[in-house]
Amino acid sequence: MSETNPLPYAGVRVVEFTHMVMGPTCGLLLADLGAEVIKVEPIEGDNTRRLLGSGAGFFPTFNRNKKSIALDLKKPEGVEAALRLIATADIVSENFKPGTMKKLGLDYDTLAKLNPRLIYVSHKGFLPGPYDHRTALDEVVQMMGGLAYMTGRAGDPLRAGASVNDIMGGMFGAIGAMAALRQRELTGKGCEVQSALFENNVFLVAQHMMQFAATGKAADPMPSRISAWAVYDVFTVKDGEQIFLAAVSDKQWAIFCKAFGLEDMLADPRLKTNNDRVRARDWMMPILRSHLANHSAAELSAVFEQNELPFAPITKPQELFDDPHLNATGGLAPVRMNDGHMAKVPLAPFTLGGERPGIRLQPPHIGEHSEALLKEVGYSDGDIAALRAQGVTAGD
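Only a predicted model underlies this, so the values are computations on that prediction, with no experimental measurement involved. (Residues numbered from 1 in each chain as written. Predicted model: local features only at pLDDT ≥ 70, side-chain atom pairs only at ≥ 80, totals over all residues. Heavy atoms only, no water.)

Draft legend 1. Representation of the sheet that holds strand 9 (residues 311-313). Spatial ordering of the open sheet is given by 7-8-9, a layout of three strands whose pairing is antiparallel. Each edge of the open sheet is held by one strand with a lone partner, namely strand 7 (231-236) and strand 9. With strand direction ignored, the average angle separating the axes of adjacent strands in the sheet is 15°. With six bridges joining them, strand 7 and strand 8 (residues 242-247) adopt antiparallel strand pairing. Counted as the bridge partner of Val234 is Phe244 from strand 8. Those strands touched by helix 15 (residues 297-306) are strand 8 and strand 9, and its axis lies near 25° from that of strand 8. (Pairing = 2+ DSSP bridges. Helix = DSSP H or I, 4+ residues; strand = E, 2+ residues; numbered from the N terminus. Axes fitted to C-alpha atoms, helices over the stretch in contact; angles between N-to-C directions. Contact = heavy atoms within 4.5 Å.)

Draft legend 2. Spatial organisation of a nonpolar patch on the surface. A cluster of nonpolar side chains, Tyr131, Leu137, Val140 and Met144, forms an exposed patch at the surface whose accessible area comes to about 320 Å². Locating Val140 in the fold gives a position in helix 6 (residues 138-144). Judged by relative accessible area, Val140 falls into the partly exposed class, the value being 32%. (Patch = residues over 30% accessible without salt bridge, like charges linked within 9 Å, V, L, I, M, F, W, Y side chains within 5 Å. Areas by Shrake-Rupley, 256 points an atom, 1.4 Å probe, with all protein chains shown as cover. Salt bridge = Lys/Arg side-chain N within 4 Å of Asp/Glu carboxyl O. Buried < 20%, exposed > 50% of the residue type's maximum accessible area, 1.4 Å probe, protein only.)

Draft legend 3. Fine view of the sheet that holds strand 4 (residues 91-94). A sheet is described by the order of its strands in space; here seven strands give the open sequence 6-5-4-1-2-3-12, paired in mixed fashion. Every interior strand has two partners, whereas the edge strands, strand 6 (192-196) and strand 12 (393-394), have only one. Alignment of strand 1 (residues 13-17) against strand 4, held across four bridges, turns out to be parallel. Counted as the bridge partner of Val15 is Val92 from strand 4. Across the face of the sheet, helix 3 (residues 76-86) comes into contact with strand 1, strand 2 (36-41), strand 3 (66-71) and strand 4 while running at roughly 150° to strand 1.

Draft legend 4. Up close: the nonpolar core. With 28 residues, the main nonpolar core has Phe17, Val40, Ile69, Leu85, Ile86 and Leu106 as its most contacted residues. Among the elements of the structure, strand 1, strand 2, strand 3, helix 3, helix 5 (108-114), helix 17 (370-376) and helix 18 (381-389) are those that each provide at least two residues to this core. Considering each element in turn, this core owes the most residues, five residues, to helix 3. Residues within four places of Ile69 in sequence aside, it is in contact with Ile38, Lys39, Val40, Glu41, Leu85, Gly367, Ser370, Leu373 and Leu374. Formed by 24 residues, the second largest nonpolar core is a distinct cluster that contains Val231, Leu262, Leu292 and Leu300. (Core = buried A, V, L, I, M, F, W, Y, C linked by side-chain atoms within 4.5 Å.)

Below, the structure is given as structure tokens:
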């Protein structure tokens with residue numbers, strides 16, 4: 001974005017006390033949209049930096065476009081520095097266990113007395129109520145919120161293959177912050193925004209709840225559901241490759257049949273409408289699978305694309321780095337990983353004026369901006385040296 005067309009939240013300052021995925025996602029979105037997001041980390045750095053396995057990529061994924069200040073909030077001098085920083089902020093964001101921020105004197109009620117214009121975003125497991133004392137994880141709310149039931153086979157609940165509630169919970173936290181900024185323009189006052197994993201998960205499965213409300217019949221898990229469309233499946237084809245193919249309307253069925261020499265099936269009165277074909281799936285699908293089995297996935301992709309029919313290769317996440325569409329459209333940007341090497345990370349999935357919000361700041365080193373930020377809120381070089389000596393702050 002240019003000076004004549006700045007990012008929408010340029011000039012907004014966010015101070016975040018976050019870790020893992022949910023809270024950092026909120027800050028990531030605000031940062032991508034131009035806000036100055038300051039990440040307050042422990043002296044040793046956010047533990048997310050050191051995760052292994054499925055968490056190894058969390059930090060570089062969710063912490064671009066942010067600054068870092070390292071403070072020991074267990075020491076009063078660290079809390080004092082945090083309060084000075086918060087005094088300059090529009091938004092505070094946190095995702096610690098209930099009660100943690102209150103013990104530090106950094107809860108909404110305390111801070112709102114100091115600055116009634118402050119917007120305070122809390123990311124929790126549950127909104128206030130009977131469950132709010134529980135410790136929540138993405139898996140926990142997927143299990144208790146119906147998503148794992150819908151994803152797995154009957155009797156085998158399975159969590160979704162990404163941190164869907166953490167990420168969407170952070171998104172809703174950001175949406176709430178955006179709404180609160182607009183409300184502050186109208187009223188002059190800030191407010192507390194709360195986003196929660198469980199309620200986010202329930203929002204995700206609302207379509208299945210409402211299917212029951214509309215029909216009186218419970219939704220079956222996705223692997224065993226009766227599809228609303230006749231051809232809407234993964235096919236195993238030549239050399240064991242797999243591809244998802246679909247024909248979801250009568251027009252698409254006709255195109256599909258003509259493209260693959262299935263005129264007899266097109267003329268079969270038992271297969272005239274989509275609903276007819278849904279009822280005939282038990283005998284129809286084996287015929288289609290056999291007919292397509294000797295085609296390669298590439299051949300099928302070409303025919304489906306030429307005829308504007310829905311299809312998809314079965315892609316592994318690591319293969320997306322080489323996706324021609326993502327690379328041609330600038331959907332992936334260079335990002336510094338925890339060990340210093342560069343990789344590519346997906347950008348926010350929208351454009352503003354035809355541009356994807358990009359990376360202005362690489363994920364910060366621990367306390368990379370500590371000194372500059374402390375000076376900005378009134379600490380002298382001597383003060384900062386003393387704080388370093390006391391272990392209250394750290395940084396490059």
